[in-house]
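Structural overview
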Protein chains: 2
Amino acid sequence: MTASDTVTACVVVIGNEVLSGRTRDANLQFLAAGLGEIGVRVAEARVIPDDRAVIVATVNACRARFDYVFTTGGIGPTHDDITAACIAEAFGVPLERNAEAVAMLRSHYENPADLNEARLKMADIPAGAVLIENPVSKAPGFQLGNVFVLAGIPRIVEAMFGSLKHRLSGGAPLLSRTISAHLVEGALAPGLSALQDRFADVEVGSYPYFHSGQLGVSVVLRSTEAARLDAAAGALEELIRGLGGEPIEGGRNGGGDGGGSSAPA
Amino acid sequence: MTASDTVTACVVVIGNEVLSGRTRDANLQFLAAGLGEIGVRVAEARVIPDDRAVIVATVNACRARFDYVFTTGGIGPTHDDITAACIAEAFGVPLERNAEAVAMLRSHYENPADLNEARLKMADIPAGAVLIENPVSKAPGFQLGNVFVLAGIPRIVEAMFGSLKHRLSGGAPLLSRTISAHLVEGALAPGLSALQDRFADVEVGSYPYFHSGQLGVSVVLRSTEAARLDAAAGALEELIRGLGGEPIEGGRNGGGDGGGSSAPA
């Protein structure tokens with residue numbers, strides 16, 4: 001399914017609050033959709049605790065396996081913000097007070113006395129890293145090799161992604177079409193399997209939903225080739241009509257199987 | 001931070017739709033909170049694609065490292081539902097049509113002809129597995145060794161968790177208290193670091209939020225010992241008052257840093 005020229009990414013969510021269930025992560029969905037648009041495919045994500053050894057091992061495993069790694073969380077001023085130190089350790093470089101980062105932080109505090117030692121910790125960056133601007137609250141993220149280190153607060157992640165996007169080189173973006181029908185998945189399954197065989201180069205995903213008392217299936221077709229996508233969509237519409245259903249372009253996008261919000265991909 | 005008698009779990013979310021950003025996963029938060037209540041700590045989560053080799057390798061790596069593994073997704077009737085076959089491969093056992101599972105499916109379809117071959121695929125279960133009842137739509141999950149295989153639809157995951165919970169043996173549940181204040185994190189940081197040093201056995205997490213134009217911090221204290229938790233909470237309240245703030249029990253639970261809903265842990 002994955003062409004050899006596919007550009008891949010891994011998202012590493014760092015935070016006890018996600019693993020305890022206190023917080024529902026929002027950054028993976030945002031990054032996955034944003035990266036997909038520029039032809040970078042999130043091939044895996046991991047959620048790990050605020051634990052030095054785990055962070056170092058995970059970052060080193062993932063940066064060797066994927067074209068890009070994006071971490072979120074753990075770059076604030078408190079004792080539990082250990083991501084920068086862990087990235088330095090993973091790369092075997094020192095953590096240094098970064099003059100450019102100090103200047104960014106200074107621009108944020110009217111009273112220089114407010115820039116206390118805890119806040120200055122946010123300017124401690126692994127040697128050799130390139131900063132990622134943070135238009136929201138100034139404390140920057142950074143890039144070291146193929147690893148991009150971002151904040152945990154979704155609004156800041158979104159702003160930082162805007163600042164770093166131009167540094168990424170994607171492959172052909174994966175195009176998608178979603179076609180839904182008020183049919184049950186079990187009825188559609190045999191025809192869908194034949195469709196996948198016929199269009200081996202198109203990814204065919206089937207997502208049942210149950211909404212407002214109505215059962216249905218959203219079928220997501222994905223391919224880098226628009227013509228193949230349209231051909232598969234035509235065949236799918238024919239299949240749905242043959243089963244007595246009515247194809248709905250788009251339909252319940254992102255709803256039923258994940259219980260939440262939706263995104264374009 | 002992790003005692004040796006800690007019982008750990010890994011949640012493996014299987015699904016291209018989560019990695020493409022189409023769907024925002026809801027199952028990790030539910031499982032993390034539910035497992036936490038019975039003293040099982042989710043120590044890591046992974047989101048992986050509907051890819052045979054990746055599923056087999058991930059399940060084998062995780063079942064060796066954690067006490068329990070919970071997978072979600074990929075057990076429906078369509079061609080892209082490959083989880084059961086992958087679990088069989090991971091354990092080196094055959095995939096067999098399970099008579100008990102067939103009976104469960106039969107109870108769901110009024111017309112026996114509706115139980116077509118695609119639907120019967122949902123009764124193909126690795127040899128030696130114990131079924132997990134699905135009160136919502138009958139197609140069961142299953143347990144093989146320390147691996148629990150669940151559906152992807154959140155409503156079914158919740159129902160299946162109710163069916164399997166009694167099979168788990170947890171350690172001491174991690175108790176938590178959240179105390180918030182309208183202070184900025186940078187001001188609280190030095191005192192919080194001293195608090196963590198003083199209460200090394202209590203996990204002290206700091207989560208800034210920005211909500212309705214107001215900046216604040218939620219501090220989450222976690223420990224298996226209620227007395228230690230209360231002592232740390234007392235010291236934290238003192239710290240907040242010393243900085244001119246007013247401690248708020250609970251406060252913005254789960255809000256600011258994850259952009260979403262909240263949970264008790």
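The structure displayed is predicted, hence computed values, not measured ones.

**Considering the relation of the copies chain A and chain B**
Each copy superposes on the other: chain A lies on chain B with an RMSD of 0.0 Å after a rotation of 180 degrees and an axial shift of 0.0 Å. Taken together, the rotation and translation relating the two chain copies correspond to the operation of a two-fold axis. The rotation axis passes nearest to the C-alpha of R46(A) in chain A, at a distance of 2.2 Å. In this assembly, 98% of the residues forming the interface of chain A have copies in chain B that are likewise at the interface, indicating an isologous arrangement.

**A few points about the sheet that holds strand 9 (residues 175-181) of chain B**
Residue and element names in this part refer to chain B. The sheet built from four strands is open, its strands ordered 10-11-9-12 with antiparallel pairing. Both edges of this open sheet fall to strand 10 (203-211) and strand 12 (248-249), since each of them pairs with a single strand only. Pairing between strand 9 and strand 11 (residues 214-223): seven bridges, direction antiparallel. Bridge pairing links R177 to L221 in strand 11. Against the sheet, helix 8 (residues 185-198) engages strand 10 and strand 11, with an angle of about 170 degrees to strand 10.

**Examining the packing of helix 3 (residues 52-65) of chain A against helix 4 (residues 83-91) of chain A**
All names here are of chain A. In the contact formed by helix 3 and helix 4, the axes pass within 9 Å of each other and the chain directions differ by 55 degrees. By the angle class used here, helix 3 and helix 4 are oblique. Where helix 3 crosses over helix 4, the two elements pack in a sense that is right-handed. Each of R52, I55, V56, V59, N60 and R63 in helix 3 lies in contact with helix 4, whose residues at this interface are C86, I87, E89, A90 and F91.

**Some thoughts on the interface of chain A and chain B**
Between chain A and chain B, the residue contacts involve 66 residues of the former and 65 residues of the latter. Here chain A packs against chain B, burying approximately 5200 Å² in sum over the two surfaces, 52% of which is carbon and sulfur. Considering only the surface of chain A that becomes buried against chain B, R22(A), R24(A) and H79(A) emerge as the three largest contributors, covering 17% of it. Linking chain A to chain B there are zero salt bridges. Linking chain A with chain B are 21 residue pairs in polar contact (both at pLDDT 80 or more), by the criterion used here. Here the element with the most residues in the side of chain A that touches chain B is helix 8 (residues 185-198) of chain A; it accounts for eight residues. When grouped by side-chain class, the residues that make up the side of chain A that touches chain B number 28 nonpolar, 22 polar and 16 charged. The pairing of strand 2 (residues 40-48) of chain A with strand 2 (residues 40-48) of chain B spans three bridges and is classified as antiparallel. Its bridge partner lying in strand 2 of chain B, R46(A) is registered against R46(B).

**Considering the nonpolar core**
By size, the foremost hydrophobic cluster in this structure holds 116 residues, and its most contacted members are L35(A), F70(A), L35(B) and F70(B). Residues in contact with F70(B), not counting those within four places in the same chain, are A9(B), C10(B), V11(B), V12(B), L31(B), L35(B), F148(B), L150(B), L164(B) and L168(B).

**A short note on the confidence of the model for chain A**
Residues and elements named next belong to chain A. Across chain A, the average pLDDT comes to 91, with 93% of residues at or above 70. Between residues 253-265, whose pLDDT stays under 50, and residues either more than four places distant or in other chains, the model counts 50 contacts. Quick note on the complex model: pTM equals 0.92, ipTM equals 0.91.

**Comments concerning helix 7 (residues 154-164) of chain B**
Residue and element names in this part refer to chain B. With eight of 11 residues buried, helix 7 lies mostly within the body of the structure. Listed in full, the buried residues belonging to helix 7 are P154, I156, V157, A159, M160, F161, S163 and L164. Residues of helix 7 that are buried make contact with helix 2 (27-37), strand 3 (68-72), strand 6 (130-132), strand 7 (141-144) and strand 8 (147-150).

What counts and what doesn't
Residues numbered from 1 in each chain as written. Chains lettered and ligands numbered in written order. Predicted model: local features only at pLDDT ≥ 70, side-chain atom pairs only at ≥ 80, totals over all residues. Heavy atoms only, no water. Least-squares fit on C-alpha atoms with pLDDT ≥ 70 in both. Contact = heavy atoms within 4.5 Å. Pairing = 2+ DSSP bridges. Helix = DSSP H or I, 4+ residues; strand = E, 2+ residues; numbered from the N terminus. Axes fitted to C-alpha atoms, helices over the stretch in contact; angles between N-to-C directions. Parallel < 35°, antiparallel > 145°, perpendicular 65-115°, else oblique. Left-handed = near helix turned anticlockwise from the far one by under 90°. Buried area = accessible area lost by both parts, 1.4 Å probe. Salt bridge = Lys/Arg side-chain N within 4 Å of Asp/Glu carboxyl O. Polar contact = N/O pair within 3.5 Å; in protein donor to acceptor, adjacent residues only side chain to side chain. Nonpolar A, V, L, I, M, F, W, Y, C, P; charged D, E, K, R; others polar. Core = buried A, V, L, I, M, F, W, Y, C linked by side-chain atoms within 4.5 Å. Buried < 20%, exposed > 50% of the residue type's maximum accessible area, 1.4 Å probe, protein only. pLDDT = per-residue confidence, 0-100.

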